[in-house]
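Working through the structure, step by step
Listed below, chain by chain, are the residues.
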Protein chains: 2
Amino acid sequence: MEHKPTIEDVAKLANVSIATVSRVINNQGGVRKATEERILKAIEELGYIRSAVARSMKRKETYTIGVIVPDIKNPFFPLVISGIEQKAREKGYYTILSSTNESPIVEEEIVKIFIERGVDGVIITTANEDGDHIKLLQEQGIPVVAVDRAIKRFDVDTVLVDNVNGAYLAVRHLILQGHKKIAIICGPQETTPGYERFLGYKKALEEYNIPLDESMVKQGDFMEASGYKATQELFTLKEKPTAIFSSNNLMTIGCLKALMDLDWKLGEEVSFIGFDDVDIATFIKPKLSVVSRPMTNLGEIAFQLLYERIHFKENLPKRKYLLSPELKIRESCRLGNLIF
Amino acid sequence: MEHKPTIEDVAKLANVSIATVSRVINNQGGVRKATEERILKAIEELGYIRSAVARSMKRKETYTIGVIVPDIKNPFFPLVISGIEQKAREKGYYTILSSTNESPIVEEEIVKIFIERGVDGVIITTANEDGDHIKLLQEQGIPVVAVDRAIKRFDVDTVLVDNVNGAYLAVRHLILQGHKKIAIICGPQETTPGYERFLGYKKALEEYNIPLDESMVKQGDFMEASGYKATQELFTLKEKPTAIFSSNNLMTIGCLKALMDLDWKLGEEVSFIGFDDVDIATFIKPKLSVVSRPMTNLGEIAFQLLYERIHFKENLPKRKYLLSPELKIRESCRLGNLIF
DNA sequence: ATGAAAGCGCTAACAT
DNA sequence: ATGTTAGCGCTTTCAT
């Protein structure tokens, strides 16, 4: 092809002005049937496809939303993305996706690029809740929706899971089974999920008057290796925990691997509940009890919020969604007293 | 903000022409140090961010690549995407991502939108290897790279895994262990991976003079449920298989679940090898033997091919990469004769 | 119902 | 080293 057909080529072939062609391709009406048909035929004939770039240029909107996640390899995020992408496409929006690998620096770069590209909105699970980069977005008037992790210093629409309650339910369950020495493998305390899940853990202990034992609290970073390490450390304690609560899916995997390697019998010598369901949960014996979240749903709601914000910018209060996680009791927690 | 600062605002504030500003923001050199600094200061002051849309309009390139996958929830794809996205970002490209849910209709829609949006290239795992929609891309001169599934009717750069060989290695291993009644859970035969893995299965059987037994061949669709169903059917056979080869990860999961439900003892009563590693592989007892592919690598290579094609369109032969899968023997296949 | 024309923000060729 | 200017392909008044 010599040069891609433009609206002008169509106009010429159909013997009308470009304005009329524009009316037709945008279904604006006010065009005589016959004319419209002539134009449609010309479009067909030339294989004309309108340029979204030129259109965006003029209209100042790209029908593109930016999605930023910390780690696309964590199975949690593809599910969230799936929810976003699905709903977005229904509304004619497409998503440009980037994964930061938990790097605030990369995240800031990405934000800048997204601004350059004129995204109509951003859905983000930030690697830096305290960061200043969200300000850039706000200055440009670009709506932001935070998913799974809050944004601390700026007021944005947010859809979170009730982490405190999720962790609370899990730990309470353990307590009610008779456990007293319950360990937690924490996520980073500077992230909402990491901090809140620890909060839920403490809340349950307090409620049942179990003093917090520092040796039962292990710091992790939401990555598999840290779950492994934490479990090893727990195992070396003279007073081992009789139950473990892991703060996320990847650390659960690490923990499980350590359990196997240490020959520390899951469900017998040590009970377990993890935050987030994992594929393996129903395969291992005993089956894993977990706190499960509605991930695709999280994404769908996030897009919905963003969509509303894009279209009714001014007169909308900031909204905070808090989805309830669900405790799925399977087989990995036995009665605590059986152990003694 | 009243209106977003443009290159013109910067020019005015710095007392230069927009051409000079353009030179600076594109690092083209040929600008006096002092002038450059003045411009940089103006940019800073105004919080100017250049519009990628306007730039794309002029340059006829968007630095955006379209990525189309059939099912983002299949853990295989996030890993591929991760490889693509990583490499792309390094080169200044961003990815617009869409998942077709294996629908050719959705896929064609997406292709059209991607063309409208002027993507510089497309990386696709198609849901329709026979489809005509790739032609649209080619007509526009948009480079295409096929990943994991070939494109039949058009000549594009391709990066595949050697499915035949992967399946062959797995089945041969089973045969060498003494198995003769080896079942296969197939993927859709109209997809390259589905067909080729069946080919590898047949090749191994032939090589060892084991006649193909139709009752050992179950059709699946790469989804979990079909793996479950196939396994159930296999179990009802009067002559049960002594080994099963599953053609992909999700069907492996389904198969495993069925095995548990049927109390059909993995590794004892029935050996198993699956195509594609799965998270659970090393968690279940016995550990799963699998054919494993370099997924992130697949994505990296795909982007590399696309990148080269974008920049050296004309004078590049079509390339076909065939990555070798690796047989990971763990514990799920025992000697076949032990069974008798 | 249709057309003429301005202009979105930038790049690049050409001039100075 | 810097400026002038002509588009890129569209949408959108404002005329007719």
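Our subject is the structure that appears above.
Report follows, based on the coordinates. (Residues numbered from 1 in each chain as written. Chains lettered and ligands numbered in written order. Predicted model: local features only at pLDDT ≥ 70, side-chain atom pairs only at ≥ 80, totals over all residues. Heavy atoms only, no water.)

Structural notes on the environment of D261 of chain A
By secondary structure assignment, the location of D261 of chain A is in helix α11 (residues 249–262). For the pair D261 of chain A and Q232 of chain A, spaced 29 residues apart in sequence, the C-alpha to C-alpha distance is 9.3 Å. (Helix = DSSP H or I, 4+ residues; strand = E, 2+ residues; numbered from the N terminus.)

Considerations on the protein's contact with DNA strand D
Taken together, 30 residues sit near DNA strand D, with I7 and Y48 of chain A together with R23, T35 and K58 of chain B positioned nearest. Within 4 Å of the protein, atoms of DNA strand D come from sugar and phosphate in 58% of cases. The separation between a phosphate oxygen of DNA strand D and a polar main-chain atom of S51 of chain A is 3.2 Å. Taking R32 of chain B, its main chain carries an N or O atom lying 2.6 Å from a phosphate oxygen of DNA strand D. Of all the elements in the fold, those that place two or more residues in the surface near DNA strand D are α2 (18–25) and α4 (52–59) of chain A together with α2 (18–25) and α4 (52–59) of chain B. Here the surface near DNA strand D takes five residues from α4 of chain A, the largest share from any one element. Broken down by class, the residue content of the surface near DNA strand D amounts to 12 nonpolar, 10 polar and eight charged. (Near = heavy atom within 4 Å. Polar contact = N/O pair within 3.5 Å; in protein donor to acceptor, adjacent residues only side chain to side chain. Nonpolar A, V, L, I, M, F, W, Y, C, P; charged D, E, K, R; others polar.)

Focus on the interface of chain A and chain B
With 51 residues of chain A at the interface, the matching set in chain B holds 51 residues. Across the chain A to chain B interface the summed buried area is about 4,500 Å²; carbon plus sulfur atoms make up 64%. Summed over the three residues of chain A that lose the most area to chain B, namely Y94, R117 and F283 of chain A, the buried surface amounts to 17% of that side. Taken together, the links from chain A to chain B amount to two salt bridges. Taking the shortest distance from any N to any O, the salt bridge between E116 of chain B and R50 of chain A comes out at 2.6 Å. Only α4, α5 (76–90), β2 (94–99), α6 (104–116) and α11 of chain A provide two or more residues apiece to the side of chain A that touches chain B. In terms of residue count, the dominant contributor to the side of chain A that touches chain B is α5 of chain A (seven residues). (Contact = heavy atoms within 4.5 Å. Buried area = accessible area lost by both parts, 1.4 Å probe. Salt bridge = Lys/Arg side-chain N within 4 Å of Asp/Glu carboxyl O.)

Quick word on the protein's contact with DNA strand C
Around DNA strand C sit 30 residues in total, of which R23, T35 and K58 of chain A together with I7 and Y48 of chain B are the nearest. Measuring from a phosphate oxygen of DNA strand C, one finds a backbone N or O atom of I7 of chain B at 2.3 Å. S51 of chain B is positioned with one of its backbone polar atoms (N or O) 3.1 Å from a phosphate oxygen of DNA strand C. At the level of elements, α2 and α4 of chain A together with α2 and α4 of chain B are the ones that each hand at least two residues to the surface near DNA strand C. For the surface near DNA strand C, the per-class residue count stands at 11 nonpolar, 10 polar and nine charged.

Examining the pairing of strand β6 (residues 182–186) of chain B
Residues and elements named next belong to chain B. With five of five residues buried, β6 is to be regarded as a mostly interior element. On β6, burial covers both faces: I182, I184 and C186 on one face and A183 and I185 on the other are all buried. Bridge count for β6 against strand β8 (residues 243–246) is four bridges, and the pairing is parallel. Its bridge partner lying in β8, I182 is registered against A243. As paired elements, β6 and strand β7 (residues 217–219) share three bridges and run parallel to each other. (Buried < 20%, exposed > 50% of the residue type's maximum accessible area, 1.4 Å probe, protein only. Pairing = 2+ DSSP bridges.)

Things to note about the sheet that holds strand β10 (residues 289–292) of chain A
Residues and elements named next belong to chain A. Across the sheet, six strands lie side by side as β7-β6-β8-β9-β10-β12; this open sheet has mixed pairing. Of all the strands in the sheet, just β7 (217–219) and β12 (326–328) have a single pairing partner and so form its edges. Across the sheet, the axes of successive neighbouring strands diverge by a mean angle of 15 degrees, strand direction being ignored. Sitting on the sheet, helix α8 (residues 163–176) is in contact with β6 (182–186), β8 (243–246), β9 (271–275), β10 and β12, with an inclination near 170 degrees to β9. Against the sheet, α11 makes contact with β6, β8 and β9, and its axis sits at roughly 155 degrees relative to β9, the strand it touches most. (Axes fitted to C-alpha atoms, helices over the stretch in contact; angles between N-to-C directions.)

A closer look at unusual backbone geometry
Residue and element names in this part refer to chain A. Each neighbour pair has its own omega, and for K285 with P286 the value is -5 degrees, a cis peptide bond. Mapped onto the elements, P286 comes out in the loop between β9 and β10. Despite not being glycine, N27 has its phi angle at roughly 50 degrees, a positive value. You will see that N101, though not glycine, has its phi angle at about 55 degrees, which is positive. Note on placement: N101 falls in the loop between β2 and α6. Looking at N101, the relative accessible area reads 42%, which means it is partly exposed.

Some thoughts on the side chain of T192 of chain A
Residues and elements named next belong to chain A. Topologically, T192 is positioned in helix α9 (residues 192–207). Overall, the relative accessible area of 8% leaves T192 in the buried class. The residues touching T192, leaving out its near neighbours within four places in the chain, are E129, R149 and A150.

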